[in-house]
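Residue-level structure breakdown
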Amino acid sequence: MAKVLSSNLGYPRIGEKREWKKALEQFWAAKISKDKFLKTVKNLRLNYLKKQREVGVDLIPVGDFSLYDHVLDTAVLFGLIPERFNKDEKEISLETYFSIARGNKETEASEMTKWFDTNYHYIVPEISNETQPHITSNRLLALFNEAKEELGITSKPVIVGPVTLLKLSKGYDQEHFQTLLDSLIPLYIQIFSELKNAGAEWVQIDEPILVKTLTPDDLAVFQKVYQAFKEGVPGLKLLLQTYFEAVDDYKEVVKLPIDGIGLDFVYGKKANLEAIKAYGFPQDKVLAAGVIDGRNIWKTDLAATFDELESLLATVGGKDKLWITPSSSLLHVPVTIENEKELDPVLKNALSFADQKLAEAVALAKGLNEGKENITTIIEKSGRDLDALQQSAHRNNKDVRKELDQLDSDLPSRPGSYKLRQQIQQDAFQLPLLPTTTIGSFPQTKEVRQARRNLRTGEWTKKQYDQFIKDETAKWISIQEDIGIDVLVHGEFERNDMVEYFGEKLAGFAFTRFGWVQSYGSRCVKPPLIFGDVAWNSPITVGESAYAQSLTKKPVKGMLTGPVTIYNWSFVRNDINQADVFNQIALALKKEIHSLEEADIRMIQVDEPALREGLPLKEEKKADYLHSAIYAFRLTTSSVNNDTQIHTHMCYSEFDEIIEAIDALDTDVISIEGARSHGEMISTFEAFKYKKGIGLGVYDIHSPRIPSVDEMKSYAERALKVLDPKIFWINPDCGLKTRRPEEAIPALKNMVEAAQEVRAELGDIVEK
Ligand code: GLN
Ligand code: ZN
């Protein structure tokens, strides 16, 4: 009988309690043997399959599990490995695999970069014009057989499609794209044929590149590839999977020679639904409807979603033509809510992590198959739970709502222009030409981390801990003075994380115990939950900043994390729009800034390292995002006096796309990365004449290496070719929390010396 199926796109790798991460790190540290490691990860992998089966998922993926990253897996599968690692291995060894990802003593790792607009990072495949793709070993077949033999599961193999794979790779010239593609197509076909012979019915081919702006050429490429697949493996069903946004050219894409298409009905809901309405849906294909949010943590509004699905069911023309799926791989959400014992029940009941999301998909499919009345209980419960949070005091803070309503549509502005402020601030601070400063944090040593642990376990009283933080701050104020830095920082010893630290002290935030998600490799992050109205209760940073300032006559910068970064690094409520959440955070931080100003902190830095990464995938959505970001940043920082100097910091160098937005933040000083990227951003400043205070990092803090005076001078001199010395600052690329004092102190000494030498050389020119 025809049935609506539930299907999963990908399951989290890390395990409920990060067992996967632990196994990886033990193996890397040679604390467990390769055998033990492989056994452990196999158990995890099988366990994940079992869990999905227990929940009742009809189509369970294989190939989503990875020992590091699924893009790397795909590259390795096709022998697309950097030449420097190619030791003529026929099958790529585990050691080589990890070396590509992490580097080794002799060889640099491959680059990693953000997976679309998520916080997951993939290893960028390196292909050269000479690369000859070939199959190293059909890992998908092995995984398919494993699921079948060990558990009797006929799984749905998942693979990154060839167009997305090539477009995300680097190192080859565009004119080789076709040749590379032509050599990949038969290899994919071979993989697919072997899967089909082993009993696979469907494969899921991930082509998320389809949500990025497509050209007619791209469409022709897709046509050719999928035509070849269809003819190459008759009988195997191909599901073309998209996610993170609406497909760009639905009308054409849906006509491709495929058996089904996966569409995102959460992040691409409006455009995908409109396209289906306008162009219909081919009656011979399956629609995999991504109606469960794969990237956020809230329960699905099952009643509304059920109605949407009923109407989709009518459109596709039969139950066997509809699958219910998450909107993307569940890689981007934590594993399960079950282990959270300390959350406010009103919040906890409204949450749905990977396991719960799969149960939602299964329930919806059941409702469609057996009648809505069979899932009334769960529909009603989700409605009640979401409602309870909605009605709770957390989401109904009248003061916050009032402040939000009163916001003007004009951009908030400083009382004086930059020119005026620059004058006033120069008079007030009397800084030398090319002032030196750092980004905020100083080494988080063993002792600092131990102190935090001591406080947590109760070994130390709060008083003992506070005294330790004070001592550390005092020590580093005096180090900075000895080195001769012009603008000091307190060192951020009291913070373990730049978002969590603020979230813990603002209303509207919550923290899970096990809500980890993979960021890259074994690195996991535990994003805060912004679940209610954000409100400021009392000063957060004033104590540390004022104490540090009391120890020195030099200015000490107050140090805050900006509203956009706090947003982008959290799981955020989805009942109000992004701009409103930005502004709630901004209003709270604005109060913090006022209390810093009142405590006579005259320079305040508001870090926005995540501003760029929040850019939407679709070109047409970028302007709105940037406008909201600029608005919120200016709301945070604009109401200070002209003689308060506002700094910001961003730790990357790709500014081309956003330089005008950066300028519009109207900060007095911005510090950005310069050394690690070897001055790549210089061209941006050739094209755009930046006129406000700016420091391009001269010290690459990601490496333990201590850069010489000459090296840092050369970075500064290069920047000064495109920037006026009167606005230029000398600083490291980013904070120094990951460096050891033995590295940071000599490097900063060199940095100050470099500044002095460049100053001396500039002396005459600037006098005039
Ligand atoms: N002020 C922060 C620090 O120095 C900034 C961190 C960041 O840019 N990611 O650590
Ligand atoms: Zn940084």
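What you are looking at is a predicted structure, and each value in this text was computed from that prediction instead of being measured.

Bringing helix 13 (residues 354–370) into the picture now. Counted at 1.5 Å a residue, the expected span for helix 13 with its 17 residues is 24 Å, and the 24 Å between its end C-alpha atoms agrees. Taken across its 17 residues, helix 13 has 14 buried, putting it largely inside the fold. Downstream of helix 13 by one or two residues, Gly-371 has phi in the positive range, about 105°.

On to a positive patch on the surface, then. Residues Lys-17, Lys-22, Lys-341 and Arg-513 make up a contiguous surface patch of positive charge. Following the sequence through the fold, Lys-341 ends up in the loop between strand 10 (322–326) and helix 12 (345–348). Overall, the relative accessible area of 66% leaves Lys-341 in the exposed class.

Moving on, we come to the packing of aromatic side chains. Throughout the structure, instances matching the rule amount to 25 aromatic pairs. Note on Tyr-11 and Tyr-48: the rings are 5.3 Å apart at their centroids and 45° apart in plane angle, and the pair reads as tilted. On the criterion of sequence distance, the pair formed by Tyr-11 in the loop between strand 1 (5–6) and helix 1 (19–28) and Tyr-48 in helix 2 (residues 34–55) is long-range, its members being 37 residues apart. For Tyr-48, a relative accessible area of 8% translates into the label buried. Within the aromatic cluster, the residues linked to one another by ring pairs are Phe-27, Trp-28, Phe-37, Tyr-68, Tyr-97 and Phe-98. The ring of Phe-177 has Lys-167 sitting right over it, with the charged end atom 5.7 Å from the ring centre. If you follow Arg-295 out to its NZ or CZ, it ends over the ring of Tyr-267, 5.3 Å from the centre.

For the rest of this paragraph, the subject is the sheet that holds strand 15 (residues 529–536). The 3 strands are arranged 12-15-17 in an open sheet whose pairing can be described as mixed. Pairing within the sheet leaves two strands with one partner each, and these edge strands are strand 12 (506–510) and strand 17 (571–572). Lying on the sheet, helix 22 (residues 578–598) is in contact with strand 12, strand 15 and strand 17; it crosses strand 15 at an angle near 40°.

Quick look at the pairing of strand 5 (residues 156–160) now. Among the 5 residues that make up strand 5, 5 are buried, leaving the element largely enclosed by the rest of the structure. Burial along strand 5 is two-sided: Lys-156, Val-158 and Val-160 and Pro-157 and Ile-159, pointing in opposite directions, are all buried. Pairing of strand 2 (residues 61–62) with strand 5 involves 2 bridges; the strand directions are parallel. Residue pairing across strands places Pro-61 opposite Lys-156, the latter belonging to strand 5.

Here is what the cut-offs are and how they apply
Residues numbered from 1 in each chain as written. Chains lettered and ligands numbered in written order. Predicted model: local features only at pLDDT ≥ 70, side-chain atom pairs only at ≥ 80, totals over all residues. Heavy atoms only, no water. Helix = DSSP H or I, 4+ residues; strand = E, 2+ residues; numbered from the N terminus. Expected span 1.5 Å × (residues − 1). Buried < 20%, exposed > 50% of the residue type's maximum accessible area, 1.4 Å probe, protein only. Patch = residues over 30% accessible without salt bridge, like charges linked within 9 Å, V, L, I, M, F, W, Y side chains within 5 Å. Areas by Shrake-Rupley, 256 points an atom, 1.4 Å probe, with all protein chains shown as cover. Salt bridge = Lys/Arg side-chain N within 4 Å of Asp/Glu carboxyl O. Lys, Arg positive; Asp, Glu negative; His and termini not counted. Charge placed at Lys NZ, Arg CZ, Asp CG, Glu CD. Phe/Tyr/Trp six-rings, centres within 6.5 Å; stacked < 30°, edge-to-face > 60°. Lys NZ or Arg CZ within 6 Å of the ring centre and 35° of its normal. Pairing = 2+ DSSP bridges. Contact = heavy atoms within 4.5 Å. Axes fitted to C-alpha atoms, helices over the stretch in contact; angles between N-to-C directions.

So, to be careful, I would describe these as geometric facts and stop short of saying anything about function.
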